[in-house]
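Read off the chains here:
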Amino acid sequence: MVESPLRIILFILLVSVASVQVHIYLYRRLFRDTSTHRGWRTAGKVLLTALCVPLLLSWVVTRIIPSAFIVAVFAWTWMGVAVYLLLALALMGAVRWLVARTRGHRGVAAPLATPAPDPAAPPSLADLAVTVPPTPPAVPPVPPVDEARRLFLSRATAGGAVLAAGGLTGYGMWSAFHPPVVNEIAVRLPGLPKALDGFTLVHMSDIHVGPIIQRRFMDELVRRANALKPDLVAITGDLVDGTVADLRHSVAALQNLQARAGTHFITGNHEYYWNASTWADALTGLGVTVLRNRHVTIGDAGGAFDLVGVDDWSMRNGPKGYNLDAALQGRNPDRAAVLLAHQPSNWDVAAKAGMGLQLSGHTHGGQFFPFTLAVSAIWKHDAGLFQDGDSHLYVSRGTGFWGPPLRVASPSEIVKVTLLA
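Each value, and the rule that gives it
Within every chain, residues take consecutive numbers counted from 1 along the sequence as written. Given that this is a predicted model, residues contribute local features only at a pLDDT of at least 70 and side-chain atom pairs are listed and counted only at 80 or more, while totals for whole chains, interfaces and linings are drawn from all residues. The side-chain quantities take in all heavy atoms of the structure and omit both hydrogens and water. To get an axis, fit a line to the C-alpha atoms, keeping to the stretch in contact for a helix; angles then go from 0 to 180 degrees between the N-to-C directions. Per the convention used, a helix needs a DSSP run of H or I reaching at least four residues, while a strand needs a run of E reaching at least two, with both numbered from the N terminus. With the far helix as reference, a near helix turned anticlockwise by less than a right angle produces a left-handed crossing, and one turned clockwise produces a right-handed crossing. Any pair of residues with heavy atoms lying within 4.5 Å of one another is described as a contacting pair. Three residue categories are used. Nonpolar comprises Ala, Val, Leu, Ile, Met, Phe, Trp, Tyr, Cys and Pro, charged comprises Asp, Glu, Lys and Arg, and polar comprises the others, including Gly. The rule is simple: take the accessible area with a 1.4 Å probe, protein chains only, and divide by the maximum for that residue type; under 20% is buried, over 50% is exposed, in between is partly exposed. Here, nonpolar core means buried Ala, Val, Leu, Ile, Met, Phe, Trp, Tyr and Cys residues that are tied together by side-chain atoms lying within 4.5 Å of each other. The rule for pairing is simple: two strands pair if DSSP sees at least two bridges between them. With its strands directed away from the observer, a crossover is right-handed exactly when the path from the first strand over the helix to the second travels clockwise. The arc under discussion is defined with respect to the helix axis, by the directions toward the C-beta atoms. Here a cavity denotes grid points, spaced 1 Å and computed from the protein atoms alone, that fit a 1.4 Å probe unable to get out, and a pocket denotes an open set having protein on both sides within 12 Å along at least 5 of 7 lines; residues with an atom within 4 Å of a point are the lining. Grid points are joined across faces, edges and corners, and a volume is the space filled by probe spheres set on the points. Where a domain begins and ends is set by an automatic assignment or by a domain database.

**Q** Before we go on, may I ask you to explain the packing of helix α7 (residues 244–251) against helix α9 (residues 276–285) in this structure?
**A** Helix-helix packing is characterised by the crossing angle of the two axes and by the distance between the axes. The contact between α7 and α9 brings their axes to 11 Å, and the two run at 30°. As for how α7 packs across α9, the hand of that crossing is right-handed. Of the residues in α9, those in contact with V244, L247 and V251 of α7 are T278, W279, A282 and L283. Across the contact of α7 with α9, the residue classes tally to 6 nonpolar, 1 polar and no charged.

What follows is the structure, encoded as structure tokens:
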């Protein structure tokens, strides 16, 4: 990816500092606050250090030593667990604070107001008496801290957080490895000939074949896609996380896809981590049509539309990256068009260029809560179907997963798109 080295360094520093702080907080809540035993606390320090260090190194090591990817997956899984531990501890801590507030000291009642003296009234004997300073009210003694109760609450909070995080992680892993749901949408494509009304595409994105997602997962995807009887299959990038030598067998399952107009593929940012050109050649050898800043015509003289494919947006400033102008060169602008673009970027420009439908992925829909909220805040088009005038954009939540094998509040999907004239 073409990124500023300074930007990369700052990102790594910020993530590293945040990760260290999270692990320190987890040590305090799960180990230091739950026991005074020196061995228990030492074990906590060792464990959380052993979990933190691989996580800090994973982002760099996987680029240098591809075989370390499987180890990095375990580190990323711990990242997901740590996030849920952090959320659970924060939630239970907030509950403890609210309970303490409602059952604790509510403040001293204000004294009754004394009426102001009447200046016209004659002075009383009390007024003429020598004023004696009032005795300050006695301050109630501060009750001693109940150390046994504090220890019990700390252990209960830690135990509840571990159970909650374990439950969410277990569900998230089940959801990640569960076959994707099938979502069906219908889109009216401007300029589509009547002869192609009802033309169907199966859209898959962000499968991330690698050390975890392998041939068995791919065979199930192919079976589900074929069951939809598509006219065309479109894969919008991030198909792989590994080399051709390691993943050829798993990716070869794509040869079993059955679609009258074939299977078409575009690059995502992850293909560039593993040599996009080599993967493009390998996929071409498997019978997949690779669209790298070019278009093909789907149909015949009785009716046709253009399928346009661009390289990933992150490489737009590189020697081989997103180039919509090159992809549209020589195209009949009166013909209906569908654009395959990995990231939901530049949609407004693509729509003005005549792309009636753009199919994208990349965001994973956040993949798992609470990152779903972050992605929704960062991306204007985070997941699902969007429309602007006659132009449509569909952003897939992804068909596989990346990083932590977790899917919470953002299930993976295969999308069947029906084009309407």
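**Q** Looking at this structure, I do not really get the side chain of S345. What am I missing?
**A** As for its position among the elements, S345 is in the loop between β8 (337–340) and α11 (347–352). Under the relative-accessibility criterion, S345 is labelled buried at 12%.

**Q** Can you help me understand the nonpolar core in this one?
**A** The tendency in soluble globular proteins is for nonpolar side chains to be buried as a group. Core analysis: the largest hydrophobic core is formed by 42 residues, its most contacted members being M204, L239, V251, L254, W279 and L283. Those elements giving two or more residues to this core turn out to be α3 (69–103), β2 (199–204), α6 (215–227), β3 (232–236), α7 and α9. Among the elements that line this core, the one with the most residues is α3, at 6 residues. Setting aside anything within four residues of it in sequence, one finds L239 in contact with I207, H208, V209, V251, L254, F265, E271 and L283. F199, L201, A234 and L291 belong to the second-largest nonpolar core, a separate cluster that totals 25 residues.

**Q** How should the pairing of strand β12 (residues 413–420) be read in this particular structure?
**A** The side chains of a regular strand alternate, residue by residue, between the two faces of the sheet. Counting buried positions over the 8 residues of β12 gives 7, a clear majority of the element. Direction of pairing for strand β1 (residues 181–188) relative to β12: parallel, over a ladder of 8 bridges. Across the sheet, residue N183 finds its bridge partner in β12, namely V415. Note: β2 against β12, 5 bridges, orientation antiparallel. The residue of β12 that forms the bridge with F199 is L419.

**Q** Looking at this model, I keep getting lost on the pairing of β3. Mind explaining?
**A** Most of β3 sits inside the fold, with 5 of its 5 residues counted as buried. Along β3, one buried face is formed by L232, A234 and T236 and the opposite face, lined by V233 and I235, is buried too. Where β2 and β3 come together, 4 bridges link them in parallel fashion. Paired with H203 across the two strands is A234, which belongs to β3. As a crossover connection, the stretch from β2 through α6 into β3 is right-handed. Relative to strand β4 (residues 263–266), β3 runs parallel, the two sharing 4 bridges. Within the sheet, the bridge partner assigned to T236 lies in β4 and is I266. Following the backbone out of β3, through α7 and into the adjacent parallel β4, one traces a crossover that is right-handed.

**Q** Sorry if this is basic, but what is going on with α7 here?
**A** Each α-helix winds once per 3.6 residues, and so residues spaced three or four apart point in a common direction. Among all positions in α7, only V244, L247, S250 and V251 are buried. Looking down the long axis of α7, one finds its buried residues gathered within 125° of arc, a one-sided arrangement. Seen from the buried face of α7, the exposed residues on the opposite side, beyond 90 degrees, are A245 and H249. Residues of α7 that are buried in the fold lie against α6 and α9.

**Q** What should I look at first to understand the layout of surface pockets in this one?
**A** Quantified by volume, the largest pocket comes out at close to 2200 Å³. Elements represented by at least two residues in the lining of the largest pocket include exactly α1 (5–32), α2 (38–64), α3, α8 (269–273) and α12 (371–378). A per-element tally of the lining of the largest pocket places α1 first, with 10 residues. By residue class, the composition of the lining of the largest pocket is 27 nonpolar, 14 polar and 6 charged. Counting the residues that make up the lining of the largest pocket, at least three belong to each of domain 1 (1–103 + 148–177) and domain 2 (182–419).

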